[in-house]
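# Reading the structure
As a plain string of letters, each chain reads:
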Amino acid sequence: MPAGNDRIVFLSTRAATRRDRSLALAVVGISALLFALAVPFAGTPLTPIPAFVASYQSALAINDIITAILLLSQFAILRSWAMLLLASGYLFTAAAAIVHGLTFPGLFTPTGLLGAGLQTTAWLYMIWHAGFPLFVIGYALTKAENGSIKTPWPVGRSIAASALAVGVVIAIVTWVVTVQHERLPILLSQGRYTLTLYGVVTSVWLLSMAALVTLWFRRPHLVIDIWLMVVMCAWLFDIALASILNVARFDLGFYAGRLYGLAAASFVLGVLLFDNVALQAAMARLLRTERRRAEFERDRHAGREQLFSAVVESSKDAIIAKALDGTVTAWNTAAERLFGYPAPEAIGKHIAILVQPGQSCEVDGILARVGRGEAIQDFETVRLRKDGQEIEVSLSISPIRAASGKIIGASEIARDITESKRIQRALSREIEERQQIFENSQDLILVSDTAGIVVQISPSVATILGYRPEEMIGHNAIEFINPQDLELARKGMREARSGRQIHSFETRYNHKSGRPVTLNWLGTWSEAARRYYFIGRDLTEIHAAEAQFRQAQKMDAIGQLTGGVAHDFNNILTVITGTIGVLAEAVADRPELASIAKLIDEAAERGAQLTKQLLAFARKQPLRPCEIDVNALLLESAKLLRPTLGEHIEIVPKLAGDSWPALVDPNQLSAAILNLALNARDAMPQGGKLVLETANVALDDAYVSMNDEVAAGDYVMTAVSDTGCGIPAALLDKVFDPFFTTKEVGKGTGLGLSMVFGFVKQSDGHIKIYSEEGHGTTVKIYLPRSTGSGQPASDAAPAKEIQGGHETILIVEDDALVRKHVVTQVASLGYKTLEAANAAEALAIIDNGTPIDLLFTDVIMPGILNGRQLVDEALKHRPGLKTLFTSGYTENAVIHHGRLDPGVLLLAKPYRKPELARMIRLALGS
């Protein structure tokens, strides 16, 4: 039976039909009706029949064992955890039934075997009836729509482990309820049920109900699921009659409940037996079908063999069969025409008659490859005709196998490609000539057919549009033209075809990166070649420069106008809001005038709100700075961000325990954090981590000299880092520009980062952005430290003692300005300095034998090796070399991105001279 049919054959994989549900519902209905009829008489005492218990337990154990075996046989094919759990559940109930029968008082001994006590069978019944629902719940939770989770272990080992586990559990339970039965709570007292029993049995009943509910909600339902729900219904009736509604052993409920239990054990067994019979019938039908198919295939192969012989003889390609020693065994008519040898003359001779004397090694190599089972396709070579003429052929050679699979020869199809190769060489020369012309052009040369399909395009397209020529050839030019310029392009093509040259014809094309590129075209049409020929010049940079100049002028004018209008409007509103109160009091006794005064007051309030929005746009909004705990604000923001960002983004706070208070407007800072978090979310569409970090930072004069927009002093650094796509280096200088955005139209105004920038500057702070494309972005906000007086902290902190040295330090930094600054600072500490702009230069210095005590390197650098890889290489050359890293990323972000292993020495940028001196001494080991 094919493996793909198991979902149709087995009830454990076959979807339940309406008929299955109806039949199961009918069984449950009848059972419920019988249950309702038995409920009023459940406590009616009947004659004790110990033999009934023995018969019931034996039948139940046999039913469950057979059911388990049938389920395990399906598991052996399906190998699903769900099926193994369900089979284990039936093994468990069979074993429990056997132990229950052995220990039942009055069957084999007055008190039962195995040292049973008065409570043994009662507790066994409860554990037995609680255990099976657990297995059913496990089955329901592990089954899946695609056939359940597969077990990775061999079938035999899995079944043995299951049986062993069930045996161990039953052994432990038996030991507890027999040897330790005196320690168990009393469930039966003088043959009557205790309150403890009712509590335990209620829990067992609820557990069975939970199994039934779990099966109901784990859809889609399979056939076995439907009958397991029937089993659990009967199980519930069994527990209710035998342990809840009855009052003692051997009453009506006692007997009826066990009959329900036996019925529950029989439902799945009956369905499995029916399923097994159906499987046997399906196998018989399949066998008959396979026999008929074999007879049909035999007849079909005979017909195909005759057809194949006719095809070989009528083929235009030469078809040759040969033994593995090269002897020709078959030779069709096309081979006679191609090589000039008649079939009787060629058959029996070696294939070497077709090759030049120097090609014998080629033939031997081909035969050896075919003998190993290799097929050779489109092998181009030269062969000889009988008259000595050389012809170029394309060979396809495959092994010929006997019925046993052994390779006994080779079939060869030879096609004459002499003429096509000549044409191909001529075409190659023509293409090479055109390519040379194209490669010398700085403009874009494009050739298209009548439908606009690109036929040829110059390599300059890679510079102008970002595409390789082969990416555009074969595509319609419309695919690359801005949709708004399509009509202009069509008009230009119509004019070219009418015989007129086109001048100053401009269209916008879409660069591979998505940006528009404006091209000025000169084109013509060749009727003989049926081709359009265009030469395009890139005007994008010229237009961009013009647009940038106009944009700068416009933004400056808007900013000045908005700020000025808002300022003057505020002055007017000040007068209005200051006098409206006086006016309102004066007309308080005149309702008609009082209502007018109120309207004026409301209009003035709306005007005030408008001015706040205008000032925020112009970055002149009034701030209310106060002393705040940045850590507390970030933690509160994190709570608000979780529902906003979604569950696919993990928010990780990394807050300094001794963070200074900052002097800042808390509302504006919260808005800035939210703005940066939303940008980070947009950069991580597939999810990632958002790290919120704080640290105390002191910016010294050396740092200020390189960033003249910030004052020296103590700052509270707040960093927002993400693991998103990062920002291209070419765009980093533009991210704070108003209205600049890389998002799609309608998904960003471009004002978010510029307003954050304006707020930080208004707060006498500092902002820096570090990003690497493909790794993520870190935005650092430096806020003035609060001294507790309502003013920002200055750099009047007591100077720390700076310790220098006389060791030699190799400084590796790709930024020339930063490198010059670091070299100066390190030299001022008394150290000897060596410098390198990248890893290659650093390794050259290390290899030349110059004494070096410390390698001080940036983490992120251009080139083949980054900072971490440079250190790895350096330690191979000098194992004892001390190292110190520096980076514009925060330490946690760098570790998260995998740049450094935890525990390495890292000096985060920016840093003051004392921090530099301290970290150098720490790295040198003193």
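This structure is a prediction, so every number in the text was calculated from the model and none was measured.

What the chain contains, in helices and strands, is 27 helices and 24 strands. Residues counted as buried form 43% of the 926 residues belonging to the chain. Total accessible area computed for the chain in this model is approximately 47,800 Å², and 59% of it derives from carbon and sulfur atoms.

With that out of the way, let us pick up the pairing of strand E21 (residues 832-836). Summarising the sheet, strand E20 (residues 808-812) and E21 pair through five bridges and their orientation is parallel. Bridge assignment links Thr 808 to a residue of E21, and that residue is Lys 832. With respect to chirality, the unit in which E20 leads through helix H23 (residues 816-828) into the neighbouring parallel E21 is right-handed.

On to the sheet that holds strand E18 (residues 766-772), then. Reading across the sheet, the five strands line up as E14-E16-E17-E19-E18 and stay open at both edges, with mixed pairing between neighbours. Only two strands of the sheet have a single partner each, and these edge strands are strand E14 (649-654) and E18. Adjacent strand axes in the sheet meet at a mean angle of 20° when their direction is disregarded. Pairing geometry for strand E17 (residues 713-722) and strand E19 (residues 776-784), over eight bridges, is antiparallel. Within the sheet, the bridge partner assigned to Tyr 715 lies in E19 and is Pro 784. Sheet contacts for helix H19 (residues 630-645): E14, strand E16 (688-699) and E17; angle to E16, the most-contacted strand, approximately 165°.

Another point: the pattern of salt bridges. Using the criterion set out here, one finds 23 salt bridges in the structure. Of the charged contacts in the structure, one is a salt bridge between Arg 422 and Glu 419, with a shortest N-O distance of 2.5 Å. Of this pair, Arg 422 and Glu 419 both sit in helix H13 (residues 418-439), three residues apart, roughly one helical turn. It is possible to trace a salt-bridge network through shared partners that takes in Arg 468, Glu 470, Glu 471 and Lys 512.

With that settled, the discussion passes to the packing of helix H5 (residues 120-142) against helix H7 (residues 195-217). Where H5 meets H7, the closest approach of the two axes is 9 Å, and the angle between their N-to-C directions is 20°. By the angle class used here, H5 and H7 are roughly parallel. For the crossing formed where H5 meets H7, the hand is left-handed. Contacts from Trp 123, Met 126, His 129, Ala 130, Pro 133, Leu 134, Val 136, Ile 137, Tyr 139, Ala 140 and Leu 141 of H5 reach H7 at Leu 197, Val 200, Val 201, Val 204, Leu 207, Ser 208, Ala 210, Ala 211, Thr 214 and Leu 215. In terms of residue class, the contact of H5 with H7 is built from 18 nonpolar, three polar and no charged.

With that settled, the discussion passes to helix H16 (residues 486-497). Here H16 spans 17 Å end to end across twelve residues, near enough to the 16 Å set by a 1.5 Å rise per residue. By the burial criterion, the buried members of H16 are Leu 486, Ala 489, Gly 492 and Ala 496. The arc that holds the buried residues of H16, viewed along the axis, is 125°, so those residues lie on one side.

On to the confidence of the model for the chain, then. Taken as a whole, the chain shows an average pLDDT of 79; of its residues, 81% reach a score of 70 or greater. Counting contacts from residues 1-8, a segment whose pLDDT is below 50, to residues more than four positions away or on other chains yields 15 contacts.

Turning next to the pairing of strand E8 (residues 444-448). The element E8 is extensively covered by neighbouring structure, given that five of its five residues are classed as buried. Relative to strand E12 (residues 531-538), E8 runs antiparallel, the two being bridged by five bridges. For Ser 448, the partnering residue across the bridge sits in E12 and is Tyr 532.

Moving on, we come to a nonpolar patch on the surface. Together, Ile 30, Leu 33, Leu 34 and Leu 37 make up a nonpolar patch on the protein surface, roughly 420 Å² of accessible area in all. Its place among the elements puts Leu 34 in helix H2 (residues 18-38).

Okay, the sheet that holds strand E11 (residues 516-526) next. As summarised here, the arrangement of the five strands in space is E9-E8-E12-E11-E10, forming an open sheet in which the pairing is antiparallel. On the outer flanks of this sheet lie strand E9 (454-457) and strand E10 (505-510), each paired with one strand and no other. Averaged over neighbouring strand pairs, the angle between their axes works out to 35° when direction is ignored. Helix-sheet contacts for H16 involve E8, E10, E11 and E12, and the interaxial angle to E10 is about 130°.

Along the polypeptide, Arg 383 turns up in strand E5 (residues 376-384). The exposure class of Arg 383 is buried, given its relative accessible area of 5%. In terms of polar contacts, Arg 383 uses its side chain to reach the side chain of Glu 362, at 3.1 Å. When residues no more than four places from it in sequence are discounted, the contact partners of Arg 383 are Phe 339, Leu 354, Val 355, Gln 359, Glu 362, Ile 366, Gln 389, Glu 390, Ile 391, Val 393 and Leu 395.

Turning our eyes to something else, we now look at the environment of Ile 845. Within the secondary structure layout, Ile 845 lies in helix H24 (residues 839-847). Placed 35 residues apart in sequence, Ile 845 and Leu 810 show a C-alpha to C-alpha distance of 8.6 Å.

What follows concerns the packing of aromatic side chains. The tally for this structure, following the rule as stated, stands at eleven aromatic pairs. On the basis of an interplanar angle of 50° and a centroid distance of 5.7 Å, the ring pair of Tyr 509 and Trp 521 is categorised as tilted. Of this pair, Tyr 509 sits in strand E10 while Trp 521 sits in strand E11; the two residues are twelve residues apart in sequence, bridging distant segments of the chain. One exposure class covers both Tyr 509 and Trp 521, and it is buried. Plain terms: the ring middles of Trp 525 and Tyr 532 are 4.7 Å apart, the flat faces sit at 55° to each other, and that makes the pair tilted. Taken as a pair, Trp 525 and Tyr 532 share a single burial class, namely buried. Through a chain of ring-to-ring contacts, the aromatic side chains of Tyr 509, Trp 521, Trp 525, Tyr 532 and Phe 534 assemble into a single cluster. The ring of Trp 216 has Arg 219 lying over it, and the distance from NZ or CZ to the ring centre is 4.6 Å. The residue whose ring lies beneath Arg 785 is Trp 660, and the NZ or CZ to ring-centre distance is 4.0 Å.

A few words now on the nonpolar core. Side chains of a nonpolar character, in soluble globular proteins, are inclined to be buried together. By size, the foremost hydrophobic cluster in this structure holds 62 residues, and its most contacted members are Tyr 90, Met 126, Trp 128, Tyr 139, Leu 215 and Met 232. Residue assignment for this core shows that the elements contributing at least two residues are H2, helix H3 (50-78), helix H4 (81-103), H5, helix H6 (155-178), H7 and helix H8 (223-245). The residues contacting Met 126, other than those within four sequence positions of it, are Leu 187, Leu 197, Val 200, Val 201, Val 204 and Ser 243. Among the nonpolar cores identified, the runner-up in size contains 35 residues, and Leu 634, Phe 736, Phe 759 and Val 760 belong to it.

Among all positions in H24, only Ala 839, Ala 842, Leu 843, Ile 845 and Ile 846 are buried. Burial along H24 is one-sided: seen end-on, the buried residues are contained in an arc of 160°. In this structure Asn 838 caps H24, since a side-chain oxygen of it lies 3.2 Å from the backbone nitrogen of Ala 840. Positioned one or two residues after H24, Gly 849 has a phi angle of 90°, which is positive.

On to the side chain of Lys 322. Inspection of the secondary structure puts Lys 322 in strand E3 (residues 318-323). At 2.5 Å, the side chain of Lys 322 forms a polar contact with the side chain of Glu 412. Setting aside chain neighbours within four positions, we find Lys 322 in contact with Thr 327, Val 328, Thr 329, Ile 351, Leu 367, Gly 409, Ala 410 and Glu 412.

Moving on, we get to the environment of Ala 61. Its location among the elements puts Ala 61 in helix H3. Separated by 30 residues in sequence, Ala 61 and Leu 91 place their C-alpha atoms 8.6 Å apart. Beyond its immediate chain neighbours, meaning those up to four positions away, Ala 61 contacts Ala 94, Ala 97 and Ile 98.

The next point concerns the packing of H5 against H6. Working note: a packed helix pair is described by the angle between its axes plus the distance between those axes. Direction vectors running N to C along H5 and H6 enclose 145°, while the axes themselves pass 9 Å from each other. In this structure, H5 meets H6 at a crossing whose hand is right-handed. Packed against H5, whose contacting residues are Thr 120, Trp 123, Leu 124 and Ile 127, the element H6 presents Val 173, Val 177 and Thr 178 at the interface. Across the contact of H5 with H6, the residue classes tally to five nonpolar, two polar and no charged.

Looking now at the environment of Ala 729. Its location among the elements puts Ala 729 in the loop between E17 and helix H22 (752-762). A sequence separation of 44 residues divides Ala 729 from Glu 773, and the C-alpha atoms of the two residues are 7.6 Å apart.

Calculation criteria
Residues numbered from 1 in each chain as written. Predicted model: local features only at pLDDT ≥ 70, side-chain atom pairs only at ≥ 80, totals over all residues. Heavy atoms only, no water. Helix = DSSP H or I, 4+ residues; strand = E, 2+ residues; numbered from the N terminus. Buried < 20%, exposed > 50% of the residue type's maximum accessible area, 1.4 Å probe, protein only. Areas by Shrake-Rupley, 256 points an atom, 1.4 Å probe, with all protein chains shown as cover. Pairing = 2+ DSSP bridges. Right-handed = clockwise from strand over helix to strand, strands pointing away. Axes fitted to C-alpha atoms, helices over the stretch in contact; angles between N-to-C directions. Contact = heavy atoms within 4.5 Å. Salt bridge = Lys/Arg side-chain N within 4 Å of Asp/Glu carboxyl O. Parallel < 35°, antiparallel > 145°, perpendicular 65-115°, else oblique. Left-handed = near helix turned anticlockwise from the far one by under 90°. Nonpolar A, V, L, I, M, F, W, Y, C, P; charged D, E, K, R; others polar. Expected span 1.5 Å × (residues − 1). Arc of directions from axis to C-beta. pLDDT = per-residue confidence, 0-100. Patch = residues over 30% accessible without salt bridge, like charges linked within 9 Å, V, L, I, M, F, W, Y side chains within 5 Å. Polar contact = N/O pair within 3.5 Å; in protein donor to acceptor, adjacent residues only side chain to side chain. Phe/Tyr/Trp six-rings, centres within 6.5 Å; stacked < 30°, edge-to-face > 60°. Lys NZ or Arg CZ within 6 Å of the ring centre and 35° of its normal. Core = buried A, V, L, I, M, F, W, Y, C linked by side-chain atoms within 4.5 Å.

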